[in-house]
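Descriptive analysis of the structure
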Amino acid sequence: MKQILIAYILIIVLSCKTEKKNAIANTSTSIEPTTTTRISTKKDHQIREIKKATIVPKLDGNMDDPIWKEVKWYGLDQRWLGEEYTVDDFFGRYKMAWTPEAIYILVEIKDDKIYDQYKDPLTLWWDDDCVEIFIDADNSGGNHQFTNNAFAYHVALDGNVVDLGKDEKPLLYNNHITTKRVTKGDVTVWEFEMIVYDDSYEEGKVNDPVILSKDQKLGFAIAYNDNDGSKERENFIGSVFIPGEEKNLGWINADVFGTIVLKE
């Protein structure tokens, strides 16, 4: 009788432990994670390796820095908006380099007329002649129209840098890009120093820039808004092929950016 009683007690204890274990397991599977990771929507295309500059380029518009003699030109030759144009009307190309602190871009534009109709940098900034630089710090792609998931910097002839903020209004980002522009005849040379910020950037707050490193991937494209005297821009000419009828997508969707890979 005593042995039967002991066995019965053991069965009860083991049963309680099993129920408690199952309860814990069921509770843990019902708890949702407190953080989420944004899934990349971008498929890498136009992958280009960008060389590191040992000597930081001097922003003077002279194209004589050592790094510019070492790296090759890429074309600005994709018509995103506007009618067909001739080489006499527009020709564009660019080079790139990097340091841990910034990305450097050299742009040469042959344009028969430089036009700046709006003196207010926040008024119809895309309808003046300007260079537009697209950057996605983590190469994740996706919508960035009114977010800092990526940036579409419009760099005006006077050096002002404009993009849309989270409040859906244009903002100046002059502390993100420094530029020097030199025009001789119908040829303009721009040199840019671009500090890179990621999607944690908050306007009006202290923000740490991205420290760039070897093998890092970033989304990138560059374009030129060309206006020879019309009320609106006549052409929008980019660096990346965009399939389909609608090609003016860079200011909204970072999926269309090319991919640069930082190399030494």
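Residues numbered from 1 in each chain as written. Predicted model: local features only at pLDDT ≥ 70, side-chain atom pairs only at ≥ 80, totals over all residues. Heavy atoms only, no water.

1. Notes on the nonpolar core
Proteins that are soluble and globular tend to have nonpolar side chains buried together. Defined as follows: Residue types Ala, Val, Leu, Ile, Met, Phe, Trp, Tyr and Cys, when buried and joined through side-chain atoms within 4.5 Å, form a set referred to as a nonpolar core. Exposure categories follow from relative accessible area, calculated using a 1.4 Å probe and restricted to protein chains: below 20% of the type maximum is buried, above 50% is exposed, and the middle band is partly exposed. Put simply, DSSP H or I for four residues or longer makes a helix, DSSP E for two residues or longer makes a strand, and each gets a number counted from the N terminus. Any two residues whose heavy atoms approach within 4.5 Å are treated as being in contact.
Ile 103, Ile 105 and Ile 133 are the most contacted members of the largest nonpolar core, which totals 37 residues. Every element with two or more residues in this core is listed here: strand S2 (74–76), strand S4 (90–99), strand S5 (102–111), strand S6 (130–136), strand S7 (151–156), strand S11 (187–194), strand S12 (217–226) and strand S14 (258–263). If sequence neighbours within four positions are ignored, Ile 103 has contacts with Met 96, Ala 97, Trp 98, Ile 135, Phe 192, Glu 193, Met 194, Val 196, Leu 212, Leu 218 and Ile 260. Counting residues in each nonpolar core, the second largest holds twelve residues, with Ala 150, Ala 223, Val 256 and Phe 257 among its members.

2. Quick notes on the confidence of the model for the protein
To keep it simple, the criterion reads: pLDDT expresses, on a scale from 0 to 100, how confident the predictor is about each individual residue.
Overall, the predicted model of the protein reaches an average pLDDT of 88, with 85% of residues at or above 70. In the predicted structure, residues 1–37 sits below a pLDDT of 50 and forms zero contacts with residues beyond four places in sequence or in another chain.

3. So, the sheet that holds S5
We count it as follows: Criterion used throughout: strands pair if DSSP finds at least two bridges between them. For helices, the fitted axis covers only the stretch in contact; all axes are lines through C-alpha atoms, and the angles between them, taken along N-to-C directions, range from 0 to 180 degrees.
Across the sheet, five strands lie side by side as S2-S4-S5-S11-S10; this open sheet has antiparallel pairing. Whereas interior strands pair on both sides, the edge strands pair on one side only; in this sheet they are S2 and strand S10 (177–184). Going across the sheet, the axis of each strand differs from the next one's by a mean of 20°, ignoring polarity. Direction of pairing for S4 relative to S5: antiparallel, over a ladder of ten bridges. Looking at the pairing, Ala 97 lines up with Tyr 104 of S5.

4. Section: unusual backbone geometry
A positive phi angle, close to 60°, is found at Met 63, a residue other than glycine. Within the secondary structure layout, Met 63 lies in the loop between strand S1 (47–51) and helix H2 (66–70). The class for Met 63 is partly exposed, based on a relative accessible area of 28%.

5. Looking at the pairing of strand S13 (residues 235–238)
Where burial is concerned, the two faces of S13 agree: the one with Asn 235 and Ile 237 and the one with Phe 236 and Gly 238 are both buried. Examined bridge by bridge, S12 and S13 share four bridges and lie antiparallel to one another. Within the sheet, the bridge partner assigned to Asp 226 lies in S13 and is Asn 235.

6. Quick look at the pattern of salt bridges
This is how it is decided: One side-chain nitrogen of Lys or Arg within 4 Å of one carboxyl oxygen of Asp or Glu is enough to make a salt bridge.
Counted by the stated rule, this structure contains eight salt bridges. With its nearest N and O atoms 3.3 Å apart, the salt bridge here joins Lys 110 to Asp 186. Residue Lys 110 is located in strand S5, and its partner Asp 186 is located in the loop between S10 and S11; the two are separated by 76 residues in the primary sequence. One salt bridge connects Asp 215 with Lys 263, and the closest N-O pair in it is separated by 2.6 Å. Residue Asp 215 is found in the loop between S11 and S12, and its partner Lys 263 is found in strand S14; the two are separated by 48 residues along the sequence. Overall, Lys 263 belongs to the partly exposed group, its relative accessible area being 25%.

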